[in-house]
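# Understanding the architecture of this molecule
Each chain, letter by letter, is given below.
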Amino acid sequence: MSEAYECTTSTMGTVVSVRVVGGDPLRREERTQRALRWFARVEAVCSRFEPDSELCQLCERVGQPVKVSALLFEVLKFAVAVAEASGGAFDPTLGALSAARGFDRHWRTGVSIRPQRRPSDSSRRRRVRQAGWRALTLDEEHQTVMLRTPMQLDLGAVAKGMAVDLAARDLADVRDFAIDAGGDVYVSGSNHTGQPWSVGIRNPQATHTLCATLRVRDRAVCTSGDYARTSTDGVSTHLIDPATGGAATSAISATVVAPTAMVADALATAVYIMGPVRGLALLEHHGADGLIIATDSTHVMTSGMAKWIEHPVTNVA
Ligand code: AMP
Ligand code: MG
């Protein structure tokens, strides 16, 4: 049994904790704090709620190639790849639609990002809402991004995963640690008892209980669920099906196990939108594992998922 050190903070609209097992106590604390700082850094680049973020600044410059930071380029490139792989179910350009559905307030300040309505804005607003990921042009060689039409980019489905990966990379020489960013988890090595880490999956219909427990090491486990967030207008879902512009309706929870949190985070969102049948096919095709709980409370999982499950899926419905 080894000693563990844990530090928790509020960031990116959720509670993030880093737990480190063993090692020198002073060094452990310093390393944990350093890892946590990645969340604020990623938020400063990727937030759609902070007008000064690099993402919002990019959205102001429509129709011209804009040189962006390596971090923003990487996350946008990955988001576009997932959009393509998911047949557009995952779409990082739905920010305006999301704001219109009531997800429009900064988690810390409570300030609304909803623009003042002016009649002359209506056609622009319509275009912004209908943009779609195909209206993004990324130039790898010059590290530029061009928005060919007005749009509000939204990296809410993938940025937290990226922050988890950056924090994990920072802790690479520590070996035994766990990062939990409210539904996005990365675990490395062993827990304080020398066993693989235990990661619970919340029961989407009774969120104070678990519907399964996984045993994992050196993997990310990310879950997307309808229950995770509520808009300022009380709309219950924050996950949008781009095909309808409304709430995604075939799944109530999607969990993905993958080597990195950015992949698990993005795929969990994509699979949630796609639902059990298409979602499962996407995971199998990309060699990721996952569990999808459908609206009717039945569940499906990839062929490789069983090896991670310690306590089987129960209690749903
Ligand atoms: P997650 O909790 O990782 O599933 O991410 C949820 C967030 O993803 C939402 O709050 C939105 O910011 C964003 N989002 C909603 N619908 C989609 C979609 N179809 N594709 C990509 N991102 C989305
Ligand atoms: Mg996600």
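See the structure shown above.
A quick note: this is a predicted structure, and the numbers were derived from the prediction, not measured.

### Considering the packing of helix α1 (residues 25-46) against helix α6 (residues 159-170)
Between two packed helices, both the angle of their axes relative to each other and the distance between the axes serve to describe the pair. For the pair α1 and α6, the least separation of the axes is 8 Å and the interaxial angle reads 150°. In terms of orientation, α1 lies roughly antiparallel with respect to α6. Considering how the two elements wind past one another, α1 and α6 form a crossing that is right-handed. Residue-level inspection shows R31, R34, A35, W38, F39, V42 and C46 of α1 in contact with α6, the latter providing A159, K160, A163, V164, L166, A167 and D170. The residue makeup of the contact of α1 with α6, split by class, is ten nonpolar, no polar and four charged.

### Side note on the sheet that holds strand β16 (residues 309-311)
Strands in a sheet are paired, the pairing made by backbone hydrogen bonds, and the direction either parallel or antiparallel. If you walk across this open sheet you meet the three strands as β8-β9-β16, and the pairing is antiparallel. Both edges of this open sheet fall to β8 (197-202) and β16, since each of them pairs with a single strand only. Between one strand and the next, the sheet's axes are offset by a mean angle of 35°, whatever the strand orientation. Pairing of β8 with strand β9 (residues 210-216) involves six bridges; the strand directions are antiparallel. Its bridge partner lying in β9, R202 is registered against L210.

### Quick word on the coordination of the magnesium ion (ligand 2)
Each protein donor to the magnesium ion (ligand 2) is listed here as A157 (O), D265 (O), D265 (OD) and T269 (OG1); together their distances run 2.0 to 2.5 Å. For the magnesium ion (ligand 2), the single-chain donor residues occur in sequence as A-x107-D-x3-T. A residue pair is termed a helical-turn pair when its members lie 3 or 4 positions apart in one helix, as D265 and T269 do in helix α7 (residues 261-285) at four residues. Taking relative accessible area as the criterion, T269 reaches 8% and is therefore assigned buried.

### With respect to the pairing of strand β10 (residues 219-225)
Among the seven residues of β10, five are classified as buried, and the element is accordingly described as predominantly covered. By the bridge criterion, four bridges tie strand β7 (residues 184-188) to β10 in an arrangement that is antiparallel. Across the sheet, the residue bridging to V187 is R219, located in β10. Summarising the sheet, β10 and strand β13 (residues 251-258) pair through six bridges and their orientation is antiparallel. Bridging from a neighbouring strand, A220 pairs with A258 of β13.

### Quick word on unusual backbone geometry
We note that Q143 has phi near 55°; this positive angle belongs to a residue other than glycine. Its place among the elements puts Q143 in the loop between β4 (136-139) and β5 (144-147). Residue S297 is not a glycine yet carries a positive backbone phi of 75°. Tracing the backbone shows S297 in the loop between β14 (289-294) and β15 (299-301).

### Quick word on the side chain of D165
Mapped onto the fold, D165 is located in helix α6. Although D165 is buried, it makes no salt bridge; R169 carries the closest opposite charge, 9.0 Å away. For D165, the residues in contact, after removing those within four places along its chain, are T260, A261 and M262.

### Considering the environment of M301
Note on placement: M301 falls in strand β15. Sequence separation between M301 and D289 is twelve residues; the distance between their C-alpha atoms is 7.5 Å.

### Some thoughts on the pairing of β13
With eight of its eight residues buried, β13 lies for the most part within the structure. Sheet topology places β13 next to β14; six bridges connect them, and they run antiparallel. Each bridged residue has a counterpart across the sheet, and for V257 the counterpart in β14 is D289.

### Describing the site of ligand 1
Taken together, 16 residues lie around ligand 1, and D91, D154, S224, I240 and T269 are the ones closest in. A distance of 2.7 Å separates an oxygen atom of ligand 1 from a polar atom in the side chain of T269. About the coverage of ligand 1: the protein hides 95% of its 500 Å² of free accessible area. Split by residue class, the shell around ligand 1 holds eight nonpolar, four polar and four charged.

### Quick look at helix α3 (residues 70-85)
If you check α3, its first and last C-alpha atoms are 22 Å apart, about what 16 residues at 1.5 Å a residue would give, namely 22 Å. Here α3 has its buried residues at L71, L72, F73, V75, L76, F78, A79, V80, V82 and A83. Residues of α3 that are buried sit in contact with α1, α2 (54-59), β4, β5, α6 and α7.

### Points about the nonpolar core
Judged by nonpolar contacts, the single largest core of 78 residues is most densely connected at F39, L58, L72, L153, L155 and I179. When residues of this core are assigned to their parent elements, the largest contribution, 14 residues, is made by α7. Beyond its immediate chain neighbours, meaning those up to four positions away, L155 contacts C46, L55, L72, V75, L76, A79 and P92.

Criteria and cut-off values
- Within each chain, residues carry numbers counting from 1 in the order of the written sequence.
- Numbering of ligands from 1 and lettering of chains from A proceed in the order in which they are written.
- Only residues with pLDDT of at least 70 get local features here, since the model is predicted, and only at 80 or more are side-chain atom pairs given and counted; chain-wide, interface and lining totals rely on the full set of residues.
- By convention in this description, side-chain values take in all heavy atoms of the structure and omit both hydrogens and water.
- For every element, the axis is a line fit to its C-alpha atoms; helices are fit only across the contacting stretch, and the angle between N-to-C directions ranges from 0 to 180 degrees.
- The helix count covers DSSP runs of H or I at least four residues long, the strand count covers runs of E at least two residues long, and both are numbered beginning at the N terminus.
- Working definition: roughly parallel below 35 degrees, roughly antiparallel above 145 degrees, roughly perpendicular at 65 to 115 degrees, and oblique for all remaining angles.
- Throughout, a crossing is termed right-handed when the near helix is turned clockwise from the far one, and left-handed when it is turned anticlockwise from it by less than a right angle.
- Contacts are assigned to residue pairs that have any heavy atoms within 4.5 Å of one another.
- Residue polarity is assigned by list, with Asp, Glu, Lys and Arg as charged and Ala, Val, Leu, Ile, Met, Phe, Trp, Tyr, Cys and Pro as nonpolar; anything else, Gly included, falls into the polar class.
- The criterion for strand pairing is that DSSP finds at least two bridges linking the strands in question.
- Note that water is not among the atoms used; donors are N, O and S atoms within 2.8 Å of the metal (3.2 Å for Na, K and Ca), so sites may look incomplete.
- When accessible area is computed with a 1.4 Å probe and restricted to protein chains, residues below 20% of their type maximum are described as buried, those above 50% as exposed, and intermediate ones as partly exposed.
- Positive residues here are Lys and Arg, negative ones are Asp and Glu, while His and the chain termini are left out of the count.
- Each salt bridge in this description consists of a side-chain nitrogen of Lys or Arg and a carboxyl oxygen of Asp or Glu lying within 4 Å of one another.
- We call a residue near a given molecule or strand whenever any one of its heavy atoms falls within 4 Å of it.
- Identification of polar contacts relies on pairs of N or O atoms within 3.5 Å, with a donor-acceptor requirement for protein atoms, meaning one able to donate a hydrogen and the other able to accept it, and with residues adjacent in sequence counted only if both atoms are side-chain atoms.
- Accessible areas in this description were obtained via Shrake-Rupley with a 1.4 Å probe; residue shielding takes into account the shown protein chains only.
- Expected span of a helix, by definition, is 1.5 Å for each gap between consecutive residues, and there is one gap fewer than residues.
- Nine residue types can take part in a nonpolar core, namely buried Ala, Val, Leu, Ile, Met, Phe, Trp, Tyr and Cys, and a core is a set of them joined through side-chain atoms within 4.5 Å.

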